[in-house]
Amino acid sequence: MEVGRVTIVTILAWCSIFLSSEAVRHLGNDLEVGFYNQTCPRAEQIVADVVSRGITMNPRNAAGLIRLFFHDCFVNGCDASLLLDTTPSGESVEKDSGANGATLRGLDIIDEIKAQLEQQCPGTVSCADILAFASREAVARSGLSKYPVPAGRRDSLSSHAVDTPGNIPGARLRLDAIIEIFTRKGLTIEEMVVLTGAHSVGAAHCRFFDYRLYNFSTTHRRDPDLNTVYANFLSSMCPAQQSFFVELIRGSQPVYFDHLSPNRLENTFYLKLLQGIALLESDQAMAKAPETREIVNRMAFSPEEWSNKFTQAMIRLGMVEVLTGREGEIRKDCRAVN
Ligand code: HEM
Ligand SMILES: *[C@@H]1O[C@H](CO)[C@@H](O)[C@H](O)[C@H]1NC(C)=O
Ligand SMILES: *[C@@H]1O[C@H](CO)[C@@H](O)[C@H](O)[C@H]1NC(C)=O
């Protein structure tokens, strides 16, 4: 009996090792740099031009595009399922889920890119690859190097809101649960910490962090990990009782992750974590937890290492559970299946 149980446990252990290494190995198998060299040679340039104009018009778009890519890749892989407005079964789509909701930005830029690519090379460039190219341009426009993007992704045939919870981490999710999500996607803990440096650009709405100011726990009204000066600043941006005047002036404007340089990707994000200056509880947790704090420390003091690792990690993010070959389709309109 004992022996039987040990055997089963051993077999289960081996299975999980096999399955997880399988998942890692599967990352990006069939993608290649220059995938459209023959079929649509100007594809990447067209993406670059449209993104560049979009960011010039509104610098906030860079952060929006980077986040779109992350949210697409973490729900059923980088397959543009995030972009669908409707799905054949008529269910709610990923866009409708609370984790995405009205906070997605940059969707109009993707539409513009797709429209131009359909004119140049109809039915050729997938929406999933457009997201990968567009987020690369956004990263480059935010101060990092222009890394090569392996392509050849295909687009999903459906999108389901129910697949979003459990795959998109929330700001109040425990760090071990966030780690579980990233490792399930085949990414490492270091890649998780490195990618979260994306929170040096863009902004978050008060509701994702104002509980840290007013209603943190039964013992602390304010999150004790939050730097006092910063907390006072945040309280002025997100008052407990949103007065009529504040509402009038600010509306529900999001607050920049980094109010000094909201559009630059930079490792100062990690330096600020070390000082208790983080908008999100999930970010702050990375500076504290034994699995991540050494990585945060290292990234805080090695700008070069962080920026290299960030672009590498973006390439790996783009390899999560991709559709290739004859899987899926090349959508004509990123908002609907063909
Ligand atoms: C580690 C777990 C993560 C959590 C809990 C998280 C959570 C959030 C939240 C709550 C917001 C604010 C959304 C809003 O109010 O509009 C946000 C914004 C953002 N996130 Fe994350 N995120 C995580 C990881 C990532 C990763 C890996 C990336 C990209 C590689 C990323 C990129 C962004 C960007 C660029 C923004 C700003 C978007 C904008 O300004 O439009 N996040 N994130
Ligand atoms: C496409 O062209 C680039 C630049 O000339 C080259 O580096 C790359 O290997 C090519 N890729 C394919 C798949 O032909
Ligand atoms: C404070 O937090 C608790 C626990 O998360 C929640 O149930 C309660 O509704 C919150 N109160 C306010 C005023 O937001």
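Numbering of residues begins from 1 in every chain and follows the order in which that chain's sequence is written. Chain letters start at A and ligand numbers start at 1, both assigned in the order the entries are written. Totals for whole chains, interfaces and linings use every residue, but because this is a predicted model, local features are given only for residues with pLDDT of at least 70 and side-chain atom pairs only at 80 or more, for both listing and counting. Where side-chain values are given, they derive from all heavy atoms of the structure, hydrogens and water being excluded.

The line we're drawing: UniProt positions are given in the numbering used here, feature names are shortened, and annotations may be inferred rather than shown by experiment.
Under an unreviewed UniProt entry, the name given to the protein is Peroxidase, and the source organism is Carpinus fangiana. According to the UniProt record, the Function (unreviewed entry) comment for the protein reads "Removal of H(2)O(2), oxidation of toxic reductants, biosynthesis and degradation of lignin, suberization, auxin catabolism, response to environmental stresses such as wounding, pathogen attack and oxidative stress. These functions might be dependent on each isozyme/isoform in each plant tissue." In UniProt, the protein has this text filed under Catalytic activity (unreviewed entry): "2 a phenolic donor + H2O2 = 2 a phenolic radical donor + 2 H2O".

**A look at the overall build of the protein**
Condition: Counting from the N terminus, the helices are the DSSP runs of H or I reaching at least four residues and the strands are the DSSP runs of E reaching at least two. Think of it in three bands: with a 1.4 Å probe and only protein chains considered, a residue is buried below 20% of the maximum accessible area for its type, exposed above 50%, and partly exposed in between. Calculation of accessible area relied on Shrake-Rupley with a 1.4 Å probe; when residues are assessed, cover is drawn exclusively from the protein chains displayed.
Assigned secondary structure in the protein consists of 14 helices and two strands. For the protein, the proportion of its 338 residues judged to be buried stands at 50%. Counting only carbon and sulfur atoms, one obtains 57% of the accessible surface of the protein, whose full area is about 16,100 Å².

**Quick word on the site of ligand 1**
Formally: Each residue is tested against the molecule or strand, and it is near if at least one of its non-hydrogen atoms lies within 4 Å. Pairs of N or O atoms within 3.5 Å make up the polar contacts considered here, provided that, within protein, one atom can donate a hydrogen while the other can accept it, and that residues adjacent in sequence are counted only when both atoms are side-chain atoms. Put simply, the grid is 1 Å and covers the protein atoms alone, a cavity is a trapped set of points that fit a 1.4 Å probe, a pocket is an open set with protein on both sides within 12 Å along at least five of seven lines, and lining residues have an atom within 4 Å of a point. Those molecules having more than half of their atoms within 2 Å of a cavity or pocket grid point set are described as sitting in that cavity or pocket.
Lining the immediate surroundings of ligand 1 are 27 residues, of which R60, R105, H199, A203 and H205 lie closest. Between an oxygen atom of ligand 1 and a side-chain N or O atom of R105, the distance comes to 2.6 Å. Between ligand 1 and the protein, one listed contact pairs an oxygen atom with a backbone N or O atom of A203 at 2.9 Å. Here ligand 1 occupies the largest pocket. For the shell around ligand 1, the elements supplying multiple residues, two or more each, are α3 (60–74), α6 (175–184), α7 (189–196), β1 (203–204) and α12 (281–286).

**Points about the coordination of the iron atom of ligand 1**
Rules: Counted as coordinating are nitrogen, oxygen and sulfur atoms within 2.8 Å of the metal, or 3.2 Å for Na, K and Ca, while water is not included, which may make sites look incomplete.
For the iron atom of ligand 1, the protein supplies a single donor, H199 (NE2), at a distance of 2.0 Å. Within the fold, H199 resides in the loop between α7 and β1.

**Let's talk about the state of the cysteines**
Which entries qualify depends on this criterion: Only a pair of cysteine sulfur atoms within 2.5 Å counts as a disulfide in this structure description.
Across all of its chains, the model carries four disulfides by this definition. The disulfide bridge from C206 ends at C238, spanning 2.1 Å between sulfur atoms. Between C206 and C238, the S-S torsion sits near -75 degrees, and that sign places the bridge as left-handed. Separated by 32 residues along the polypeptide, C206 in the loop between β1 and α8 (211–214) and C238 in the loop between α9 (228–237) and α10 (244–250) bring together distant segments of the chain. Here C206 and C238 have matching classes, each one buried. Indicated for the protein is the disulfide connectivity 1-4, 2-3, 5-8, 6-7, based on numbering the bonded cysteines in sequence order.

**Examining the packing of α6 against α7**
As a reminder, the rule being used: Axis lines are fitted through C-alpha atoms, for helices just across the contact stretch, and the angle between N-to-C directions can take any value from 0 to 180 degrees. Roughly parallel means an angle under 35 degrees; roughly antiparallel, over 145; roughly perpendicular, 65 to 115; everything else is oblique. Every residue pair with non-hydrogen atoms within 4.5 Å of one another is taken to be in contact. Under the scheme applied, nonpolar residues are Ala, Val, Leu, Ile, Met, Phe, Trp, Tyr, Cys and Pro; charged residues are Asp, Glu, Lys and Arg; polar residues are all the others, including Gly.
Here α6 crosses α7 at 105 degrees, and the two axes come no closer than 9 Å. Taken together, the axis directions place α6 and α7 in an arrangement best described as roughly perpendicular. Where α6 abuts α7, its residues L175, I178, I179 and F182 lie against I189, M192 and L195. Residue composition of the contact of α6 with α7, grouped by class: seven nonpolar, no polar and no charged.

**Description of α9**
Heads up, the rule is: To obtain the arc, one takes the directions from the helix axis to the C-beta atoms.
Those residues of α9 lying buried are Y230, A231, L234 and S235. Down the axis of α9, the sector holding all buried residues measures 140 degrees, keeping them to one side. Summarising the contacts, the buried residues of α9 are in contact with α8 and β2 (255–256).

**A word on the side chain of K272**
Mapped onto the fold, K272 is located in helix α11 (residues 268–274). With relative accessibility at 18%, the residue K272 sits in the buried group. For K272, the contacting residues outside a window of four places in its chain are F257, D258 and I277.

**Quick word on the packing of α3 against helix α4 (residues 107–120)**
Packed helix pairs are characterised by how far apart their axes lie and by the angle those axes make with each other. Two numbers describe how α3 lies on α4: the axes approach to 9 Å, and their chain directions differ by 80 degrees. The orientation of α3 with respect to α4, classified from their angle, is roughly perpendicular. Where α3 approaches α4, its residues N61, L65 and L68 are matched on the opposing element by L107, I109 and I110. Residues of the contact of α3 with α4, tallied by class, amount to five nonpolar, one polar and no charged.

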